[in-house]
Number of protein chains: 2
Amino acid sequence: MKIGELAQAAQCTVETVRYYEKEGLLPPPARTPANFRQYGTGHVERLRFIRNCRALDMSQEEIRRLLALADQPALGCGAVNEVFDQHIAHVDERIRELEQLKQALGSMRRRCQSEQAVDSCGILHAIAEMESEPRHDRHTHL
Amino acid sequence: MKIGELAQAAQCTVETVRYYEKEGLLPPPARTPANFRQYGTGHVERLRFIRNCRALDMSQEEIRRLLALADQPALGCGAVNEVFDQHIAHVDERIRELEQLKQALGSMRRRCQSEQAVDSCGILHAIAEMESEPRHDRHTHL
DNA sequence: TGACACCCTGAAGCTACTATAGGGTCAACA
DNA sequence: TGTTGACCCTATAGTAGCTTCAGGGTGTCA
C-alpha cells in the first residue's frame, strides 16, 4: 500500500508518517520504481501502535522505549510495565499541579468581583504581588 | 540597572529577558554608550508581572492581552476578568482531559499484573487493540 | 597587562508535528 | 495526444517558550 492508504488506516496524515520515518519510529519501507513508499501490514500495526500511544499522551521517547521492548520477544514485560507506570505517574503529577494552579487562580479571581478601573483591579494587583520564583522545569511533557 | 540585575530581580535568565524584548512583551530599554541595556523600576515591575503570569501557566498570547489592557488605565477591568476566566476554564478542561486519560491508563494497566513474555503482555495488547481515532487538536496550551 | 565577570548579536536546538514550495507519477477522459 | 486531477517526492520553515552556543566586545581589579 502507498503512504496515503497507510495514513488513513492509522488516522493520521502522510506528513506524520514521513516524520516518523525520519525520526526512526517507523522503519523505511521498500520503494516502487517511481520512488513511492510501499508498505505492508506490519507497518500498519506499528503505525497504529505509535498513534495509539500518542493518543494516550505518551512522549516520543516513551514510545521509542516501548517499541524497542516490543521488538525483543525474548524479554519479559516487566520493563514495559515500568514505562507504563512512569507514564501514569506523570499524568498523576500533572493533575496535581493543575489542581494547585486552579486553587491559586480561584483565590485570585475572588479579589475582583465588581467591574472597576484597571488600576484598582484586584486580579492585576494579585498578579503583581506574587512572589517571583525561579521557574521549576517540568519533568513531564504533559 | 543592567540586564543581569533585572533578570535576578525577576528570577529569570538574561536570555529570557532578551527573548521577551524580541517578542515585544518588554519594551526596548535605553542603551549605555557601550551598547548595554539599561533598565528602570518600570521594567522590573513589568518583567515580574510577565514571569508571574507564566508561573500561572498563561500563554504568551494571554499575557500580551493582559498587558495591553493594563496599559490603558482608562479602561474598566471587565476584559481583564474575561481573560482570567478563560484561563481558568482552560485549566479546568485540561484537568478533565487528564482525569479521563488516567482512567483509561488505569484500566489498561490492570490487564498485565504478572510478569510475562512481551508477546502476551496485556498492556501491549491493550495498546494495539485501541481504536485509532483522528487526533483532536488541543484548544489549550496546557 | 592579564584575568575574569559580564554584556552583545545571531543562529540553532528542543517536541511533535504542520504547512509550504516546487516538483514528479499515473490513470482516466476528450 | 494532450491534459486534468489525485496522488507522491524532497527540502525547508513555522509553531511556543524558551535554552544553548559560537564568536565576539566591555569594565574592573591586581
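Numbers given to residues run from 1 along each chain, matching the order in which its sequence is written. Lettering for chains starts from A, numbering for ligands starts from 1, and both go in the order in which the items are written. Only residues with pLDDT of at least 70 get local features here, since the model is predicted, and only at 80 or more are side-chain atom pairs given and counted; chain-wide, interface and lining totals rely on the full set of residues. Note that the side-chain values use all heavy atoms of the structure and ignore hydrogens as well as water.

1. Considering the relation of the copies chain B and chain A
In step 1: Mapping chain B onto chain A calls for a screw motion: a turn of 180° about the axis and a shift of 0.0 Å along it, with 0.1 Å RMSD after fitting. Such values leave the two copies arranged in the relation of a two-fold axis. Considering only C-alpha atoms, the part of chain B nearest the rotation axis is Ile95 of chain B, at 3.1 Å.
In step 2: We call two residues contacting when some pair of their heavy atoms lies within 4.5 Å. When you check the interface residues of chain B against chain A, 100% turn up at the interface there too, and the contact is symmetric in its surfaces. Copies overlap after least-squares fitting; the atoms used are the C-alpha atoms of residues with pLDDT of at least 70 in both.

2. Topic: the packing of helix α6 (residues 122-129) of chain A against helix α3 (residues 41-55) of chain B
In step 1: To obtain each axis, a line is fitted to C-alpha atoms, and for helices this fit is confined to the stretch in contact; angles are then taken between N-to-C directions over 0 to 180 degrees. Numbering goes from the N terminus for both helices and strands, where a helix is a DSSP run of H or I of at least four residues and a strand is a run of E of at least two. Axis separation between α6 of chain A and α3 of chain B bottoms out at 8 Å; the angle between their running directions is 95°. Between α6 of chain A and α3 of chain B, the interaxial angle falls into the category roughly perpendicular. Contact with α6 of chain A, carried on its side by Leu124, Ile127 and Ala128 of chain A, involves Phe49, Asn52 and Cys53 of chain B of α3 of chain B and no other residues of that element.
In step 2: Put simply, Ala, Val, Leu, Ile, Met, Phe, Trp, Tyr, Cys and Pro go in the nonpolar bin, Asp, Glu, Lys and Arg in the charged bin, and everything else, Gly too, in the polar bin. Of the residues assigned to the contact of α6 of chain A with α3 of chain B, the class counts are 5 nonpolar, 1 polar and no charged. Angles below 35 degrees are treated as roughly parallel, those above 145 as roughly antiparallel, those between 65 and 115 as roughly perpendicular, and all remaining angles as oblique.

3. Quick notes on the interface of chain B and chain A
In step 1: The interface of chain B with chain A comprises 58 residues on the first partner and 58 residues on the second.
In step 2: Note on definitions: buried area is the accessible-area loss of two parts on being combined, 1.4 Å probe, summed for both. Each partner contributes to the roughly 5200 Å² buried at the junction of chain B and chain A, and carbon and sulfur atoms together form 65% of this total.
In step 3: In the sections that follow, a salt bridge refers to a side-chain nitrogen of Lys or Arg positioned within 4 Å of a carboxyl oxygen of Asp or Glu. If you look at where chain B meets chain A, you find 8 salt bridges.
In step 4: Between Arg135 of chain A and Asp57 of chain B there is a salt bridge, and its shortest N-O distance comes to 3.4 Å.
In step 5: Residues adjacent in sequence count toward polar contacts only when both atoms are side-chain atoms; beyond that, a polar contact is any pair of N or O atoms within 3.5 Å, and within protein one must be able to donate a hydrogen and the other to accept it. Here chain B and chain A share 20 residue pairs in polar contact (both at pLDDT 80 or more) between them.
In step 6: For the side of chain B that touches chain A, the secondary-structure elements that each account for two or more residues are α3, α4 (60-70), α5 (78-109) and α6 (122-129) of chain B.
In step 7: Residues of the side of chain B that touches chain A, tallied by class, amount to 32 nonpolar, 10 polar and 16 charged.

4. Description of the protein's contact with DNA strand D
In step 1: Here a residue is considered near a molecule or strand provided that any single heavy atom belonging to it is located within 4 Å of it. Taken together, 19 residues are adjacent to DNA strand D, and Gly4 and Arg18 of chain A together with Thr16, Arg54 and Gln60 of chain B come closest.
In step 2: Among atoms of DNA strand D positioned within 4 Å of the protein, sugar and phosphate together represent 83%.
In step 3: Within the side chain of Arg18 of chain A, one N or O atom sits 2.7 Å away from a phosphate oxygen of DNA strand D.
In step 4: Within the side chain of Arg54 of chain B, a nitrogen or oxygen atom sits 2.6 Å from a phosphate oxygen of DNA strand D.
In step 5: Elements supplying a minimum of two residues to the surface near DNA strand D: α1 (3-9) of chain A together with α2 (14-23) and α3 of chain B.
In step 6: Considering every element that reaches the surface near DNA strand D, the biggest residue donor is α2 of chain B, with 4 residues.

5. Notes on the protein's contact with DNA strand C
In step 1: Residues in close proximity to DNA strand C total 19 residues, the closest being Thr16, Tyr19 and Gln60 of chain A together with Arg18 and Arg37 of chain B.
In step 2: Taking all atoms of DNA strand C within 4 Å of the protein, the share assigned to sugar and phosphate is 85%.
In step 3: The separation between a phosphate oxygen of DNA strand C and a polar side-chain atom of Thr16 of chain A is 2.7 Å.
In step 4: Side-chain polar atom of Arg51 of chain A to a sugar or linking oxygen of DNA strand C: 3.4 Å apart, as the coordinates give it.
In step 5: Sorting elements by how many residues they give to the surface near DNA strand C places helix α2 (residues 14-23) of chain A first, with 3 residues.
In step 6: Its residues placed into classes, the surface near DNA strand C shows 6 nonpolar, 6 polar and 7 charged.

Any functional reading would require information that these geometric values do not contain.
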